[in-house]
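What follows is the residue order along each chain.
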2 protein chains.
Amino acid sequence: MTSKYYMPTRVISGSDCISNSSELFKTLGKTALIVTGAHSAKDNGSEKDVRMALESVGISYLLFDKVKSNPSVACVKEGAEVARQNGVDFIIAIGGGSPMDAGKAIALLATQDIDEAELFSGNYKASALSVACVPTTAGTGSEVTQYSILTNDKAQTKTSIASECLFPAVAFLDPKYMGNLPVGTTVNTTVDAFSHAVEGMLSVRASFVSNTLAAESISQIMECIPELLKAVAAGTHAIDPRCRKTLLQASMLGGMVIAQTGTTAVHAMGYSLTYFKDIDHGRANGLLLAEYLRLVEREQPELSGRILKVMKLSSVNQFRKLMDGLLGVKEAISAEEIRQYSALAIKTKNIANCTFKLKEEDLIRIFEASFAG
Amino acid sequence: MTSKYYMPTRVISGSDCISNSSELFKTLGKTALIVTGAHSAKDNGSEKDVRMALESVGISYLLFDKVKSNPSVACVKEGAEVARQNGVDFIIAIGGGSPMDAGKAIALLATQDIDEAELFSGNYKASALSVACVPTTAGTGSEVTQYSILTNDKAQTKTSIASECLFPAVAFLDPKYMGNLPVGTTVNTTVDAFSHAVEGMLSVRASFVSNTLAAESISQIMECIPELLKAVAAGTHAIDPRCRKTLLQASMLGGMVIAQTGTTAVHAMGYSLTYFKDIDHGRANGLLLAEYLRLVEREQPELSGRILKVMKLSSVNQFRKLMDGLLGVKEAISAEEIRQYSALAIKTKNIANCTFKLKEEDLIRIFEASFAG
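Residues numbered from 1 in each chain as written. Chains lettered and ligands numbered in written order. Predicted model: local features only at pLDDT ≥ 70, side-chain atom pairs only at ≥ 80, totals over all residues. Heavy atoms only, no water.

Enquirer: Mind showing me how you'd approach the overall build of chain A here?
Expert: What chain A contains, in helices and strands, is 15 helices and 9 strands. Rg of the C-alpha trace for chain A: 20 Å, near the compact-globule value of 21 Å for 373 residues, within the 12% margin. Dimensions of chain A, computed from the C-alpha atoms along their principal axes, are close to 60 × 45 × 40 Å. Intrachain contacts of chain A at a sequence separation of at least 6 include 78% that bridge at least 24 residues. Put simply, chain A shows about 13,900 Å² of open surface, and 51% of that area lies on carbon and sulfur atoms. (Helix = DSSP H or I, 4+ residues; strand = E, 2+ residues; numbered from the N terminus. Rg over C-alpha atoms; globule rule 2.2 N^0.38 Å. Contact = heavy atoms within 4.5 Å. Areas by Shrake-Rupley, 256 points an atom, 1.4 Å probe, with all protein chains shown as cover.)

Below you can see the structure in the form of structure tokens.
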């Protein structure tokens with residue numbers, strides 16, 4: 001079988017990497033649109049660092065700080081309009097997955113008119129403004145992927161736009177912006193990154209490169225889990241800065257993985273939990289991951305065994321306990337909801353990424369087992 | 001400290017990956033120059049596969065099959081002239097490190113006149129034709145690096161041209177072309193790849209990404225060494241095809257590593273062994289690697305310990321024995337030669353990549369110990 005690797009984003013990592021590498025912005029253009037949410041990039045200092053770097057190299061910029069969680073098509077169309085009207089050359093997206101995914105979609109829509117149906121069906125030219133990403137959570141990996149995930153109201157889910165033109169030109173990874181993240185956000189984003197790495201190993205597109213990166217991502221996250229469990233127990237946002245750095249690296253590696261492999265059933269099912277029940281995206285994946293791994297163990301024990309070995313765990317039950325410890329009390333879900341979400345998930349393209357054939361009943365059983373106990 | 005990762009080459013791997021992905025050539029242009037050596041690409045079937053793929057998608061091509069080992073500036077100037085005169089859009093380099101490095105230099109020189117001194121000093125525009133690479137040995141990793149290493153007669157060594165515009169657009173990794181490689185070539189190229197991965201971990205530019213890739217490369221090569229030792233003992237070219245595949249993957253990972261880290265003292269010193277004594281490039285590195293690691297152990301035992309752990313070895317002596325077993329009887333070297341080579345190596349930029357300050361006496365001691373016993 002032919003395997004493929006491609007990830008052309010330049011990744012700059014380390015403390016103060018934005019100010020240390022401000023010259024890089026000059027390679028992207030003369031006028032930037034900063035795309036972010038209303039508050040966090042202001043509070044954590046990342047927006048200020050970007051502004052100062054741009055000013056130091058004489059790049060003018062505008063701010064579009066209207067991105068909310070799970071961005072809508074309306075939001076990115078509005079951002080694209082701002083970009084177009086102001087002759088913006090490139091986008092700088094700052095934040096978690098939502099601003100970064102919005103920033104990429106804005107970069108695409110700024111160069112061409114695409115209606116909603118065509119956007120989700122992939123019917124557009126591979127042309128977009130350049131994007132620089134500054135992740136301020138350690139989860140999505142969007143800073144190194146070709147995906148922009150938007151709310152798709154027609155399909156009642158979140159849908160991934162995928163085009164190689166959406167790979168960011170540059171990603172700046174500085175853990176200092178994550179120092180004050182609430183513990184719930186830290187856990188949910190960590191679990192998202194974890195899910196990317198694990199699902200990457202469970203994808204039919206897994207390759208020797210993606211498996212190498214995924215195994216490292218999983219190992220790095222496993223190292224940080226005791227620290228996270230302590231923070232959860234203490235209800236504190238304070239986490240060892242070395243652990244913050246490790247998590248940011250691991251989430252970037254997870255992004256490099258899914259850029260090759262895509263995601264699997266876990267993401268397909270998790271999207272419903274986010275769309276209908278407003279459960280955070282990372283948490284939604286985390287709630288389902290152990291029970292999907294249990295199904296893999298039944299179908300392909302060698303594969304699940306390899307992943308458990310990387311985690312240094314001896315059973316899926318051990319993994320389930322670990323995730324339960326991180327995620328705490330679970331939401332209620334009805335049998336009717338489970339049927340509805342399973343029917344939606346079985347139709348998604350992520351399901352085709354799984355290494356064995358899944359049936360709707362399999363998804364129902366995963367939902368049931370995940371929310372039980 | 002700021003760390004960087006960038007490797008924009010698309011890597012396609014697997015049996016028959018050239019014919020399975022022939023459409024990709026269309027993204028590179030309409031007329032290709034195939035750059036290769038006189039014989040091996042014809043004998044191993046790779047040149048034919050490339051020709052057939054090009055014909056299947058209607059791309060015209062010319063052949064430049066004059067590349068010899070350790071290519072000269074004259075050779076690449078001649079190739080560039082052919083490319084220019086025939087309005088070639090892109091280069092397809094097939095072979096080991098020499099044709100791939102020559103192909104990249106031809107891609108550069110086809111777009112601009114650069115005299116020899118400027119070529120080696122980096123004084124040129126970052127503009128080159130696109131390059132596709134087909135490695136037919138598992139060693140150089142050139143298919144995923146920005147380097148072209150040419151013989152530099154003025155400096156009496158091999159010198160690396162480095163420019164991001166030299167990253168190949170595509171690399172095709174098909175182990176079937178390596179089935180008939182002589183055992184000596186297999187060993188020397190494996191040792192070259194091994195050296196890239198180890199030197200990557202010993203570079204001041206090592207990062208979490210490069211270390212991840214390097215550790216995997218080292219592990220994969222270590223898995224194949226028993227098979228290589230068997231082939232050396234039996235004097236046969238026949239090697240388990242799974243091992244061929246693993247070695248090709250490992251050498252590509254090694255290339256991804258040195259694209260980030262560069263090489264260190266080992267390559268700096270090895271270039272003299274190749275330039276003056278005509279010792280194969282990979283073998284030259286292999287002869288020196290263990291004794292450089294011994295010096296690292298004295299200066300930074302934590303670092304050498306980490307590498308030995310990845311190798312699953314307990315001492316530098318064990319590693320030295322392993323390399324001695326692979327490399328067999330060593331060439332003679334005089335005290336005068338050692339002094340000359342050390343004086344040249346200490347001035348190279350690779351030395352600045354080492355994680356501690358090296359003195360000329362250190363290099364002398366490494367040469368002496370490497371060729372003793």
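After that view, the rundown keeps rolling.
Enquirer: Looking at this structure, how should I read the relation of the copies chain B and chain A?
Expert: One copy of the chain maps onto the second through a rotation about an axis and a displacement along it. With an axial shift of 0.0 Å and an RMSD of 0.0 Å, the rotation relating chain B to chain A amounts to 180°. When the rotation and shift are considered jointly, the pair of chain copies conforms to a two-fold rotation axis. When C-alpha positions in chain B are compared against the rotation axis, the closest is assigned to B:Pro8, at 2.0 Å. (Least-squares fit on C-alpha atoms with pLDDT ≥ 70 in both.)

Enquirer: Mind showing me how you'd approach the pattern of salt bridges here?
Expert: Close approach of charged atoms lets side chains of opposite charge pair. Within this structure, the stated rule accounts for 44 salt bridges over all chains. Taking the shortest distance from any N to any O, the salt bridge between A:Glu78 and A:Lys66 comes out at 2.6 Å. Here A:Lys66 lies in the loop between strand E4 (60-64) and helix H4 (73-85) and A:Glu78 lies in helix H4, a separation of 12 residues in the sequence. Two residues, B:Asp362 and B:Arg365, come together in a salt bridge whose shortest N-O distance is 3.8 Å. (Salt bridge = Lys/Arg side-chain N within 4 Å of Asp/Glu carboxyl O.)

Enquirer: It is not clear to me how the interface of chain B and chain A should be interpreted in this structure. Could you clarify?
Expert: Interfaces are frequently sized by the accessible area removed from exposure as the parts join. The partner chain A presents 27 residues to the 27 residues of chain B that form the contact. Together, the buried faces of chain B and chain A total about 2,300 Å²; carbon and sulfur atoms form 59% of this surface. Scanning the region where chain B abuts chain A turns up 2 salt bridges. B:Glu164 serves as the salt-bridge partner of A:Arg10, at 2.8 Å between the closest nitrogen and oxygen. Where chain B packs against chain A, one counts 9 residue pairs in polar contact (both at pLDDT 80 or more). (Buried area = accessible area lost by both parts, 1.4 Å probe. Polar contact = N/O pair within 3.5 Å; in protein donor to acceptor, adjacent residues only side chain to side chain.)

Enquirer: Quick question: what am I supposed to make of the packing of aromatic side chains here?
Expert: Two descriptors summarise a pair of aromatic rings, namely the distance from one centre to the other and the angle between the planes of the rings. The tally for this structure, following the rule as stated, stands at 16 aromatic pairs over all chains. Centroid distance A:Phe25 to A:Phe90: 6.5 Å. Interplanar angle 25°. Geometry classified as stacked. Of the two residues, A:Phe25 is situated in the loop between helix H1 (17-20) and strand E3 (31-35) and A:Phe90 in strand E5 (residues 90-95); the sequence distance between them amounts to 65 residues. Assessed through its relative accessible area of 0%, A:Phe90 is described here as buried. Through pairs of rings, three or more aromatic residues link up here, namely A:Tyr275, A:Phe276, A:Tyr341 and A:Phe367. Directly above the aromatic system of B:Tyr6 lies the positively charged group of A:Arg10, at a separation of 4.0 Å from the ring centroid. (Phe/Tyr/Trp six-rings, centres within 6.5 Å; stacked < 30°, edge-to-face > 60°. Buried < 20%, exposed > 50% of the residue type's maximum accessible area, 1.4 Å probe, protein only. Lys NZ or Arg CZ within 6 Å of the ring centre and 35° of its normal.)

Enquirer: How should the nonpolar core be read in this particular structure?
Expert: Core analysis: the biggest nonpolar cluster contains 160 residues, and A:Tyr292 and B:Tyr292 have the highest contact counts within it. Per element, the largest residue contribution to this core is 12 residues, and it comes from helix H8 (residues 208-234) of chain B. When sequence neighbours within four positions are dropped, the list of residues in contact with B:Tyr292 reads B:Leu202, B:Thr264, B:Ala265, B:Val266, B:Cys354, B:Phe356, B:Leu358 and B:Ile366. (Core = buried A, V, L, I, M, F, W, Y, C linked by side-chain atoms within 4.5 Å.)

Enquirer: Quick question: what am I supposed to make of unusual backbone geometry here?
Expert: Backbone geometry follows two general trends: most residues other than glycine have a negative phi, and most peptide bonds adopt the trans configuration. Despite not being glycine, A:Gln156 shows a phi value in the positive range, around 50°. Of note in this structure, B:Asp16 is not a glycine but carries a positive phi near 60°. Among the structural elements, B:Asp16 can be located in the loop between strand E2 (10-13) and helix H1 (17-20).

Enquirer: Can you walk me through the sheet that holds E5(A) in this structure?
Expert: Backbone hydrogen bonds are what pair the strands of a sheet, in a parallel or an antiparallel way. The sheet built from 7 strands is open, its strands ordered E4(A)-E3(A)-E5(A)-E6(A)-E9(A)-E2(A)-E1(B) with mixed pairing. On the outer flanks of this sheet lie E4 of chain A together with strand E1 (3-5) of chain B, each paired with one strand and no other. Neighbour-to-neighbour, the strand axes of this sheet turn through a mean angle of 20°, independent of strand direction. Two elements, E3(A) and E5(A), share 4 bridges in a ladder whose sense is parallel. Following the sheet pairing, A:Ala32 is matched in E5(A) by A:Phe90. H4(A) contacts E3 and E4 of chain A of the sheet and is inclined by roughly 155° relative to E4(A). (Pairing = 2+ DSSP bridges. Axes fitted to C-alpha atoms, helices over the stretch in contact; angles between N-to-C directions.)

Enquirer: For this particular structure, what's the right way to read the packing of helix H4 (residues 73-85) of chain B against helix H5 (residues 97-109) of chain B?
Expert: Two numbers describe a pair of packed helices, the interaxial angle and the distance between the axes. Residues and elements named next belong to chain B. At a closest axis distance of 8 Å, the pairing of H4 and H5 adopts a crossing angle of 55°. Between H4 and H5, the angle is such that the two are oblique. Here H4 runs over H5; the crossing is right-handed. On the side of H4, the interface is formed by Val76, Lys77, Gly79, Ala80, Ala83 and Arg84, while H5 contributes Ala102, Ala105, Ile106 and Leu109. Among the residues making up the contact of H4 with H5, the classes are represented as 7 nonpolar, 1 polar and 2 charged. (Parallel < 35°, antiparallel > 145°, perpendicular 65-115°, else oblique. Left-handed = near helix turned anticlockwise from the far one by under 90°. Nonpolar A, V, L, I, M, F, W, Y, C, P; charged D, E, K, R; others polar.)

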